Amino acid sequence: MMSGFDDIPFFDEEPAPRKQPPATGGIAARAMAARDRQQRPDYLSGLNPEQAEAVESLDGPVLVLAGAGTGKTRVLTTRIAHILSTGRAFPSQILAVTFTNKAAREMKERVGVLVGHAVEGMPWLGTFHSIGVKLLRRHAELVGLRSDFTILDTDDVVRLIKQIIQAEGLDDKRWPAKQFAGMIDGWKNKDLDPAQIPEGDARAFANGKGRELYAAYQNRLRTLNACDFGDLLLHPIRMFRSNPDVLKEYHDKFRYILVDEYQDTNTAQYMWLRLLAQRAKGVPQNVCCVGDDDQSIYGWRGAEVDNILRFEKDFPGAKVIKLERNYRSTEHILGAAAHLIAHNEGRLGKTLFTERTDPDDEKVQVHAAWDSEEEARAVGEEIEQLQRKSHKLNDMAILVRASFQMREFEDRFVTLGLNYRVIGGPRFYERLEIRDAMAYFRLVCQPADDLAFERIVNTPKRGLGDTTIRTLHDYARARDVPMLAAATDIIETDELKAKARKGLFDVVADFRRWQSLLETTPHTELAEQILDESGYTAMWQNDKSAEAPGRLENLKELIRSMEAFESLRGFLEHVALVMDAEQNENLDAVSIMTLHSAKGLEFDTVFLPGWEEGLFPHQRALDEGGRSGLEEERRLAYVGITRAKHRCHIWFVSNRRIHGLWQSTLPSRFLDELPNTHVEVAETEQSYGGYGRGGYGQSRFDKADPFQNNYSTPGWKRAQQNRSDATRDNWGSRSGHAVERIGYGESGPRSRTIDGELVAKSTSTEPSRFTVGDRVFHMKFGNGNISAIEGNKLTIDFDKAGQKRVLDGFVEKA
DNA sequence: AAGTAAGCGATTTTT
DNA sequence: TCGCTTACTT
């Protein structure tokens with residue numbers, strides 16, 4: 001099994017240059033490769049021909065288009081194993097980049113399985129950011145940092161920006177720091193420094209001060225000796241650009257470069273990669289990017305699908321290998337997914353197939369429910385039924401478009417006593433008490449960390465209020481020293497009142513003591529000591545609120561998780577980069593998560609609720625992203641379906657409560673893009689369909705089996721268009737079934753269209769056709785009397801359902 | 001400094 | 001509508 005690995009040399013760091021393997025592409029190497037191919041080592045024998053080609057094409061640029069479930073990770077890990085076993089590179093000469101820590105971890109583990117002890121010898125396998133940190137710690141001085149720089153998270157960044165906005169004398173309510181943080185992030189994703197941002201962008205914020213503020217922010221980071229996440233990419237880029245000798249060093253070093261999830265790279269990551277990958281002319285670029293354009297779902301946070309689409313132009317002579325043989329899903333699931341994604345334009349074009357055909361495999365099921373409550377109830381029932389057939393809850397997942405959908409399922413599962421776990425959501429290291437504790441630790445390790453200082457200087461309360469902090473802040477800025485240092489000085493003066501001076505004196509003394517213990521005391525012990533002596537633990541012990549015990553528990557957990565690290569510093573770095581905490585694997589539970597966080601996972605049974613226009617595809621994606629927004633939504637749907645191994649159940653409801661108002665909804669257009677042959681509409685004995693749908697036109701989903709006939713005929717399409725327009729009008733007032741298209745009069749409501757498809761229409765504000773006291777009928781709640789009217793929103797006392805607020809388009813005069 | 005009142009926004013998320 | 005953040009009050 002381990003053939004060929006026993007004689008790999010291992011180095012923690014660089015081997016001596018003359019001991020390097022023969023140059024890639026050389027005759028010797030090719031001969032060796034040929035020999036290896038003949039021998040077909042064990043680790044290659046389990047691969048299909050395409051996978052094997054992806055693994056063995058070591059010379060020159062390679063793009064592996066790996067569809068969902070086609071063994072992408074296997075290819076990557078085996079390729080690394082192959083490089084090592086053929087002696088083409090030492091572990092430290094392979095650069096392997098992933099997006100998430102999870103992916104990096106998984107890759108490390110799997111390479112470990114293949115090559116045993118070599119994993120420790122792969123220092124350059126990690127996320128873009130962790131590799132960036134590694135580069136920066138080595139060359140910090142080249143970008144004006146010290147190598148012990150701190151990494152700020154989003155929360156720190158926002159607080160810092162807020163200070164800067166205030167310092168500029170701007171109103172921080174009119175110009176929210178959070179928004180500006182987002183803008184900076186966007187610029188950094190595009191590899192733009194303050195001088196390079198487009199004039200329009202610069203003007204868009206704070207009366208044209210955008211550029212200034214961005215520059216001020218960067219200056220502040222430098223004085224704080226700190227980086228935000230974007231800098232972890234940008235600083236290395238700048239460093240390479242202005243220090244060709246350093247870049248050359250890494251060119252020589254990295255003989256093979258591998259990139260996972262290439263479709264998710266943003267412009268900065270692309271530049272970073274290109275700098276490292278594009279060597280001198282004539283030298284083969286052994287870069288291998290793996291990705292799937294059909295699974296690009298992060299355009300909204302700066303990912304450029306274009307990077308993968310133009311790979312062949314960027315790397316001339318690139319070999320493109322498609323992996324289309326799927327090992328995960330049934331033919332129905334693949335067929336449904338393929339048909340759906342075929343509606344996108346600008347694809348590289350892959351079609352997944354499987355060799356397994358089992359007549360027992362069920363088709364993808366589409367279910368209709370009356371409202372979200374019934375949807376949750378029905379999914380709960382399905383889950384219980386599967387459970388009765390001894391399916392594991394761990395093998396089931398509910399994948400939602402937006403997190404507000406989760407609640408209904410959680411509520412239902414609580415009543416049923418069904419175990420579930422929510423993936424994503426608020427994370428351990430983002431909790432208040434954890435962040436406070438971390439601020440203490442940070443300040444001990446890095447006395448210049450003003451953000452940490454300000455966070456905890458008066459937590460617990462030490463009588464150091466706003467005025468004191470402001471005085472101290474100004475004092476520090478005037479002398480250009482960190483606040484902790486300023487505090488040390490200021491307590492010698494009489495700038496502060498006696499009470500504040502005493503409080504500050506104690507803080508300074510505490511930190512001085514903890515710092516002196518840093519090298520001598522074991523870090524977990526020191527951490528505990530810090531939390532105790534600072535009074536932080538006591539603060540929560542004295543807190544009577546319901547969450548206090550949980551917070552204390554979290555603090556204990558924090559200390560416990562430090563044990564795995566060698567030092568406080570090492571732990572801090574880990575937390576800055578790896579924000580996730582492990583889930584309890586032992587519990588058998590249904591997973592609930594967003595479609596985005598489901599990427600890369602697989603489940604036996606997948607439930608996809610909420611396939612309604614406006615929710616999925618999401619209205620905002622359409623409004624803000626137009627055609628490409630729609631296509632990204634479609635890719636999201638594709639990701640959702642392809643998570644399923646055996647069963648995929650899609651749901652949509654007719655009524656959903658959005659922002660507290662009940663709204664009638666239309667089945668998602670994606671449902672109509674699913675093929676007959678692999679999809680069936682599930683018979684449900686629920687209330688859906690039992691009601692008259694009063695003038696909303698026919699839908700194939702009104703009938704028991706809409707797939708029987710004409711759902712894709714122009715007639716159906718038109719019917720849906722009618723319904724769509726009619727319903728959208730209900731946001732304003734009802735205007736019948738007129739088909740409104742592009743080209744309204746100047747004064748009329750403006751619609752948005754995507755290639756002629758009507759996607760959104762602004763609300764109109766005509767006076768309501770109802771008056772208080774009217775007797776009305778609502779499809780969901782039945783009869784009732786109007787008790788109040790605000791614009792198009794009616795408050796109605798229903799005979800059975802009680803008081804509800806609904807939009808006037810959904811009721812009729814009774 | 002804490003507690004209430006008012007206001008705002010409401011996809012998706014990693015590092 | 002609801003839940004969270006911020007402002008104002010005591």
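Since the structure is predicted, the reported quantities are computational estimates derived from the model, not experimental observations.

## Here's the deal with the nonpolar core
One finds F441, F453, L504, F511 and L558 to be the most contacted residues of the largest nonpolar core, which totals 52 residues. Of the residues forming this core, the biggest block, 9 residues, is contributed by helix 19 (residues 432-445). Aside from chain neighbours lying at most four places away, what touches L504 is F453, V457, L464, L472, A487, I490, I491 and L496.

## A word on the pattern of salt bridges
Within the structure shown, the criterion is met by 55 salt bridges. A salt bridge links E199 to R211, with the nearest nitrogen and oxygen atoms 2.9 Å apart. Of this pair, E199 sits in helix 9 (residues 199-204) while R211 sits in helix 10 (residues 210-224), and the two are 12 residues apart along the sequence. For R211, a relative accessible area of 23% translates into the label partly exposed.

## Section: the UniProt feature "coiled-coil region" (unreviewed entry) in chain A
Residues annotated in UniProt with the feature "coiled-coil region" (unreviewed entry) correspond here to residues 369-396. In the segment residues 369-396, helix accounts for 61% and strand for 14%; the C-alpha atoms at its two ends are 20 Å apart.

## A few points about the protein's contact with DNA strand C
Surveying the vicinity of DNA strand C reveals the residues K173, R407, H659, G660 and R805. Near the protein, within 4 Å, the atoms of DNA strand C are sugar or phosphate in 57% of cases. In this structure, a phosphate oxygen belonging to DNA strand C sits 2.9 Å away from a side-chain N or O atom of R407. Within the surface near DNA strand C, the residues separate by chemical class into no nonpolar, 2 polar and 3 charged.

## A short note on the packing of aromatic side chains
Within this structure, the stated rule accounts for 24 aromatic pairs. Judged by centre distance (5.4 Å) and plane angle (70 degrees), the rings of F565 and F571 are edge-to-face. Owing to a relative accessible area of 22%, F565 belongs among the partly exposed residues under this scheme. A centroid spacing of 6.3 Å and a plane angle of 80 degrees characterise the contact between W611 and F670, whose relative ring orientation is edge-to-face. Within this pair, whereas W611 is found in the loop between strand 13 (603-608) and helix 29 (619-642), its partner F670 is found in the loop between strand 15 (661-664) and strand 16 (679-681), the two being separated by 59 residues in sequence. A relative accessible area of 2% means that W611 is categorised as buried. Taking relative accessible area as the criterion, F670 reaches 0% and is therefore assigned buried. Of the aromatic side chains, those joined through ring pairs into one cluster are W175, F180, W187, F205 and Y214.

Conventions and cut-offs
Residues numbered from 1 in each chain as written. Chains lettered and ligands numbered in written order. Predicted model: local features only at pLDDT ≥ 70, side-chain atom pairs only at ≥ 80, totals over all residues. Heavy atoms only, no water. Core = buried A, V, L, I, M, F, W, Y, C linked by side-chain atoms within 4.5 Å. Buried < 20%, exposed > 50% of the residue type's maximum accessible area, 1.4 Å probe, protein only. Helix = DSSP H or I, 4+ residues; strand = E, 2+ residues; numbered from the N terminus. Contact = heavy atoms within 4.5 Å. Salt bridge = Lys/Arg side-chain N within 4 Å of Asp/Glu carboxyl O. UniProt positions renumbered as here; feature names shortened; annotations may be inferred. Near = heavy atom within 4 Å. Polar contact = N/O pair within 3.5 Å; in protein donor to acceptor, adjacent residues only side chain to side chain. Nonpolar A, V, L, I, M, F, W, Y, C, P; charged D, E, K, R; others polar. Phe/Tyr/Trp six-rings, centres within 6.5 Å; stacked < 30°, edge-to-face > 60°.

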